[in-house]
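# Residue-level structure breakdown
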Amino acid sequence: MTAIHLNKFLLIFLSMLFSLISCMSSHVFSAPPARPNILFIVVDDQSPFDLQIYNPSSILDTPIINQLAAEGMVFDSAYHMGAWVGGVCTPSRHMIMSGRTLWHIPDKPGRLNNPHVTNSHLVPPDLPQHTLPAVFNQAGYNTMRTCKNGNSFAAANELFTVRHDATRRGASDEKGSPWHTKQVLQYLQNREDSKDSNPFLIYFGFSHPHDTRDGRPELLSKYGAVNHTDQDTLPPANPKHPHLPLNYLPAHPFDNTHMNVRDEVGVSGVWKNRDEHTIRNELGREYACSENIDIQIGCVLERLESMGELDNTYIFYTADHGMAIGRHGLQGKQNLYEHTWRIPLIVRGPGIKAGSRVQGNVYLFDVLATLCDLTGIDAPETNEGISFRSVLEGKSNTVRDVLYGVYCGGTKPGIRSVRSGDWKLIKYESKEDGVQETQLFHLADNPHELLVDHHHVAVTALTGVTPHPNQKNLADEQTHAAIRAKMEQLLLAEMRRLDDPYRLWDQPDDGLTVPEIPSPSAKNRKRQRKFK
């Protein structure tokens, strides 16, 4: 080989070697992609049907939430599993924190509303150490929380490294929703000042729109509402009020097993009233508080964008449960109609297709598994939720086929529900009052679960809605007997699978002993009233 050929060979070899080293260096030594941040936003008592993304006829103005939906994914079938206590927030927030199902979570200290709470096989004594803040702390995330006080998982809440909790349901910036925003903005400022580059998980909770719904004056005026405080009079009519809900009723047609709960008889501004003026005014107050929340979320998103953190942050927007406010003649959250059992859920973040919409069939307790999956963290062994990352990535539309719901905070066994496809069954029983009711709805044909009562002329004159003949409870229709039987079997199967300790009047008792729930002590009753 001549010297010229040798030099040419060496040049080619060295060039190839340099290219290979450069390629390996860029592959091996480049900085790993930054782990994503989490901003988990949860509001208190909000029906998905308040929002335009679920109810286009709503006049509630939420441009920031609408923008999140336009840039992310909206879930049309997201639920909380239910409650064994009138303060539905308590089990809902325990499920969010723990990723566990309703009958496998603890109650507040000293309370035994869940009959399994002392069973260590079903309710792990060390559960707080496997909750959302504990898991993310161990994974090297900075964790921050602001939310209301009470009716939550206190032992888990205490584990956030930065925590500023207070119940803020007033109209001023210091006593209302802006207070929670202030805590998040201060945290972000401290992060920027300290040049902290660790990923963060911010639990951004609001005390509103839960009552008392004292909104900012300019927002109350926008929706024609007043903070009505005189129980002996009705609030004034105002053309700017939101319209009555499509499924409004002046009274629920039967005892739903907890008609004397505080939410149905003691909410300031409503009390036991279900007349048009009261309900429309209360919806106006709800909307005023919800729009203020939208404004506050916008402030935080703007700050994240200015810091360059927004594009690497997964944003979850949801509520702990829905709310009635006149729908079906009810006021509170102690029922299993869609307006209350369902929750709003929007997710925006890396890899999520903008403007996408899915069924989902998710529960709130799936959030823990999903957040772990998105951030590359192993979900705790105690977790029972299903990650819906595959749904967020557009690889699937749902994570389960059957959804189960419970409310038994009043007389027992209370209310149970099951949904499969477009069919939904609700059953009510009070052994004390002799209530035994069954409802069957086809949600594609009757999405607002209209009853025969919604067909009455006096009701249609108020709502402007004339239901179709088949928009009613179909439980006693012979043509749907087979569907009802199938749904009854699905409900029983879910009750067995999920360790429901009760059985309904037309179900086998499975040899279960009817649980005896002791009354709370006077001290705990006082705390319960305080932390509504």
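Read on for an overview of the structure. Please read all numbers here as calculations on a predicted model, not as lab measurements. (Residues numbered from 1 in each chain as written. Predicted model: local features only at pLDDT ≥ 70, side-chain atom pairs only at ≥ 80, totals over all residues. Heavy atoms only, no water.)

## Side note on the sheet that holds strand β7 (residues 313-319)
An order of β5-β4-β6-β1-β7-β8-β2-β9 is seen for the 8 strands of this open sheet, with the pairing classed as mixed. This sheet does not close on itself; its edge strands, each paired only once, are β5 (162-163) and β9 (356-363). In this structure, strand β2 (residues 73-79) lies alongside β9, joined through 6 bridges in parallel fashion. Of the residues in β9, the one forming a bridge with Met73 is Ser356. In this fold helix α2 (residues 63-71) packs onto β2, β7 and β8 (345-348), with an angle of close to 60 degrees to the strand it touches most, β8. Packed on one face of the sheet, helix α3 (residues 89-98) meets β1 (37-44), β4 (142-146) and β6 (200-209) and runs near 170 degrees to β1. (Pairing = 2+ DSSP bridges. Helix = DSSP H or I, 4+ residues; strand = E, 2+ residues; numbered from the N terminus. Contact = heavy atoms within 4.5 Å. Axes fitted to C-alpha atoms, helices over the stretch in contact; angles between N-to-C directions.)

## Overview of the pairing of strand β13 (residues 435-442)
For β13, the tally of buried residues reaches 6 of 8 residues, placing the bulk of the element in the interior. Where strand β12 (residues 423-430) hands over to β13, the hairpin turn is made up of 4 residues, of which Gly434 adopts a positive phi near 75 degrees. (Buried < 20%, exposed > 50% of the residue type's maximum accessible area, 1.4 Å probe, protein only.)

## Concerning unusual backbone geometry
The step from His208 to Pro209 runs through a cis peptide bond, and the omega angle for that step is 0 degrees. Here Pro209 is to be found in strand β6. In this model, Asp211 is joined to Thr212 through a cis peptide bond whose omega is 5 degrees. Despite not being glycine, Ile325 shows a phi value in the positive range, around 45 degrees. Relative to the helices and strands, Ile325 is located in the loop between β7 and α10 (338-341).

## Observations regarding the state of the cysteines
With the rule as written, the count across this model stands at 0 disulfides. This cysteine, Cys89, is not joined by any disulfide, and Cys147 carries the nearest cysteine sulfur, 9.3 Å off. Taking the relative accessible area as the measure of exposure, Cys147 reaches 0% and is therefore buried. (Disulfide = S-S within 2.5 Å.)

## Things to note about the nonpolar core
The nonpolar side chains of soluble globular proteins are, as a tendency, buried together. If you look at the biggest cluster of nonpolar residues, it comprises 45 residues, and the most contacted ones within it are Met81, Leu102, Trp103 and Tyr404. Those elements that provide at least two residues to this core are β10 (402-407), β11 (413-420), β12, β13 and α14 (481-497). For this core, the leading source of residues is β10, giving 5 residues. In contact with Leu102, not counting residues within four places along its chain, are Met81, Gly82, Ala83, Trp84, Pro91, Met95, Asn114 and Val406. Within the second largest apolar cluster, 43 residues are counted, among which are Leu51, Phe206, Leu310 and Ile346. (Core = buried A, V, L, I, M, F, W, Y, C linked by side-chain atoms within 4.5 Å.)

## Examining the packing of aromatic side chains
The full count for this structure, using the stated rule, is 12 aromatic pairs. Centre to centre, the rings of Phe40 and Tyr203 are 5.5 Å apart; their planes meet at 40 degrees, and the pair counts as tilted. Here Tyr203 lies in strand β6 and Phe40 lies in strand β1, a separation of 163 residues in the sequence. Comparing Phe40 with Tyr203 shows no difference in burial state: the two are buried. Here Phe316 and Phe388 contribute two aromatic rings whose centre-to-centre distance is 6.4 Å and whose plane-to-plane angle is 50 degrees, an arrangement assigned as tilted. With a gap of 72 residues between them, Phe316 in strand β7 and Phe388 in the loop between α11 (367-375) and α12 (389-392) connect regions that are remote in the sequence. Through a chain of ring-to-ring contacts, three or more aromatic side chains come together here, namely Phe40, Phe75, Phe160, Tyr203, Phe316 and Phe388. Here the basic side chain of Arg168 rests over the ring of Trp179, its NZ or CZ set 4.6 Å away from the ring centre. The cationic tip of Arg357 hangs over the ring face of Tyr54; the distance from NZ or CZ to the ring centre is 5.6 Å. (Phe/Tyr/Trp six-rings, centres within 6.5 Å; stacked < 30°, edge-to-face > 60°. Lys NZ or Arg CZ within 6 Å of the ring centre and 35° of its normal.)

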